[in-house]
Amino acid sequence: MITIATTPPGHRSPMSPATSVTIELRGELDLDSAASIEPTLTALARTGPAELRLDLGGLAFCDTSGINLFLRLHHRCARAHTVLVLTGVRGQPARVIRLVRIDRTIACRFASPPAPRRAPVDPAHTSGLRAGAMRVGATRP
């Protein structure tokens with residue numbers, strides 16, 4: 001599924017292209033889905049917004065068909081003097097993009113990884129400790 005939003009809202013006039021167009025990609029980007037969305041993305045690249053953003057935050061999977069789509073779109077955007085930016089890149093798509101080094105050709109904004117969850121502290125294990133009784137690296141007598 002593709003969701004198209006213009007950024008900033010209401011900034012577009014009939015005589016001038018949008019400053020930035022954001023396209024959210026969700027689901028899996030493979031041979032079939034890449035072929036189905038390429039005409040839409042190509043048409044947007046031809047309109048010549050200053051920046052075309054592909055928000056990949058909702059993308060669960062991307063194979064080489066998706067990578068090739070990004071490269072073709074990058075070349076089309078360059079001809080239209082548009083900057084292509086991949087945003088919200090995370091998970092499996094981020095690993096593929098880094099592996100094939102697309103981030104050296106196309107601007108990528110990787111999503112920060114989620115903070116690690118801390119295990120809950122069991123009060124039974126801490127009841128016998130005094131504040132400041134142990135230091136890091138110290139051993140119990």
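Quick notes on the rules
Residues numbered from 1 in each chain as written. Predicted model: local features only at pLDDT ≥ 70, side-chain atom pairs only at ≥ 80, totals over all residues. Heavy atoms only, no water. Helix = DSSP H or I, 4+ residues; strand = E, 2+ residues; numbered from the N terminus. Buried < 20%, exposed > 50% of the residue type's maximum accessible area, 1.4 Å probe, protein only. Areas by Shrake-Rupley, 256 points an atom, 1.4 Å probe, with all protein chains shown as cover. Axes fitted to C-alpha atoms, helices over the stretch in contact; angles between N-to-C directions. Parallel < 35°, antiparallel > 145°, perpendicular 65-115°, else oblique. Contact = heavy atoms within 4.5 Å. Nonpolar A, V, L, I, M, F, W, Y, C, P; charged D, E, K, R; others polar. Core = buried A, V, L, I, M, F, W, Y, C linked by side-chain atoms within 4.5 Å.

J.: Outline the overall build of the protein, supporting the account with residue identities and numerical values.
T.: Looking only at helices and strands, the protein features 4 helices and 5 strands. Out of the 141 residues in the protein, the part that is buried amounts to 31%. Here the protein displays about 9,400 Å² of accessible surface, and carbon together with sulfur accounts for 56% of that area.

J.: Describe the packing of helix α1 (residues 31-47) against helix α2 (residues 64-79), listing the residues and the values that go with them.
T.: Closest axis-to-axis distance for the α1/α2 pair is 10 Å, and the angle between their directions is 10 degrees. Taken together, α1 and α2 sit at an angle that is classed as roughly parallel. Within the contact between the two elements, α1 uses L31, A34, I37, E38, L41, T42 and A45 and α2 uses S65, L69, R72, L73, R76 and C77. Tallied by class, the residues present in the contact of α1 with α2 amount to 8 nonpolar, 2 polar and 3 charged.

J.: I'd like to hear about the nonpolar core, residue by residue, with values.
T.: One recurring pattern in soluble globular proteins: nonpolar side chains tend to sit buried together. L29, L52, L54, L56, F70, L86 and I97 are the most contacted members of the largest nonpolar core, which has 28 residues in total. Contributing elements (two or more residues each) for this core: β2 (20-29), α1, β3 (51-62), α2, β4 (83-89) and α3 (91-99). Contacts of L56, omitting those with residues within four sequence positions, involve L25, F70, L86, T87, G88, V89 and I97.

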